[in-house]
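What the coordinates show
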Amino acid sequence: MRTRPTDTAAHRSVAAVLPSARTPLDSGLPVRRAALPGTRTGPSAAFLTVEQIGPGIPSCPPPAAARPSCPGGDGSFAYVLDGGLLRPGGSGPRRSVPPGAVVLRCGDAAEPFGTPLAAPGGLHHQLRVLRGPNAGPPGDGPASLRPGPAPVVRRLDGTWFRVLAGRACGVAGPLDAGAGVTAVHVSLAPGAAAELPAPARHLAAVYVLAGDGRVAGREVGEGELAVLAEGGAAVRMAGGPVGADLLLLSARPGG
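Residues numbered from 1 in each chain as written. Predicted model: local features only at pLDDT ≥ 70, side-chain atom pairs only at ≥ 80, totals over all residues. Heavy atoms only, no water.

Within the structure shown, the criterion is met by one cavity of 30 Å³ or more. In this model, the largest cavity occupies a volume close to 30 Å³. Forming the walls of the largest cavity are Leu48, Gly75, Ser76, Phe77, Val129, Arg131, Ala177 and Val181. Residue composition of the lining of the largest cavity, by class: five nonpolar, two polar and one charged. (1 Å grid on protein atoms, 1.4 Å probe; cavity = no way out; pocket = protein on both sides within 12 Å on 5 of 7 lines; lining within 4 Å. Points joined across faces, edges and corners; volume = space filled by probe spheres on them. Nonpolar A, V, L, I, M, F, W, Y, C, P; charged D, E, K, R; others polar.)

Put into structure tokens, the structure is as follows:
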């Protein structure tokens, strides 16, 4: 798997760069929300929605009572960047989810991913990827999550790739969200470039978590979603003067 530019692959271009909308949460954390459009129109047009929650200080302390354990969800997941999440623990104590971990959406409407926990410095930061109604079935069965951290592939220039779902950079992520979903956190060093798979006939986009840079030659900034055009099987990305943290998402279109 290539993580450096090459001229031998057919590359995807950017069809549109979409801004994210800002809305507050009940916890007091700021949230940015951007949606990858699907093949349908109307209220259910969103295929995958990205929610960047924080960084900020949660205003609500975590509840002490245990909640029932949660069944497998629809493949929607949360990825912890700073702080943590306090998850239901069935009849036993609740469990804490550390930074770098992935969790599936819970069936509990009051606490679908877990209660935000602040890091030692006081901040909490997470990313949620929500499946839309037209994202298709989650696969042959419910979404599944293997225990253990998401694997990280590092380069000598300081660039690294954390594979959350699917397979990239020669490793498999812990999450099987169905529908061919691939999610990779790409942290590009200043001026560094990378190339990752974005399979043909898959809906794909790159969300900018922090910093700025270029996706398929198009300038992008923090909070923007670069929606990839059809054609090609890979996407090129480059970090700006301060580098960039990006989330690459791709999945087969549904229904």
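After presenting the structure, the write-up continues.
Attention now moves to the pattern of salt bridges. Pairing between side chains becomes possible if they bear opposite charge and their charged atoms approach one another. The final tally for this structure, using the stated rule, is five salt bridges. When salt bridges with common partners are traced through the structure, they connect Arg33, Glu51 and Arg128 into a single cluster. (Salt bridge = Lys/Arg side-chain N within 4 Å of Asp/Glu carboxyl O.)

Moving on, we come to the pairing of strand β5 (residues 77-82). Among the six residues in β5, five count as buried, and that is most of the element. Strand direction decides the pairing type here: β5 and strand β8 (residues 102-104), joined by three bridges, are antiparallel. Across the sheet, the residue bridging to phenylalanine 77 is leucine 104, located in β8. (Buried < 20%, exposed > 50% of the residue type's maximum accessible area, 1.4 Å probe, protein only. Helix = DSSP H or I, 4+ residues; strand = E, 2+ residues; numbered from the N terminus. Pairing = 2+ DSSP bridges.)

Burial runs high along strand β4 (residues 46-56): nine of the 11 residues are buried. As paired elements, strand β3 (residues 30-37) and β4 share seven bridges and run antiparallel to each other. Considered in β4, the bridge of arginine 33 is made with glutamate 51. Pairing of β4 with strand β10 (residues 124-131) involves seven bridges; the strand directions are antiparallel. Paired with leucine 48 across the strands is arginine 131, a residue of β10.

Attention now moves to the side chain of arginine 87. Mapped onto the fold, arginine 87 is located in strand β6 (residues 84-87). At a separation of 3.1 Å, a polar atom in the side chain of arginine 87 contacts the main-chain carbonyl oxygen of leucine 104. Here phenylalanine 113 takes part through its backbone oxygen, which lies 2.7 Å from a polar atom of the side chain of arginine 87. Filtering out sequence-adjacent residues up to four positions away, arginine 87 remains in contact with Arg94, Arg95, Val97, Val103, Leu104, Cys106, Pro112, Phe113 and Gly114. (Polar contact = N/O pair within 3.5 Å; in protein donor to acceptor, adjacent residues only side chain to side chain. Contact = heavy atoms within 4.5 Å.)

Let us now look at the sheet that holds strand β9 (residues 115-117). A sheet is described by the order of its strands in space; here three strands give the open sequence β7-β6-β9, paired in antiparallel fashion. The two strands at the open ends of the sheet, each matched to only one other strand, are β7 (95-97) and β9. Strand-to-strand twist across the sheet, computed as the mean angle between neighbouring axes with direction ignored, equals 35°. (Axes fitted to C-alpha atoms, helices over the stretch in contact; angles between N-to-C directions.)

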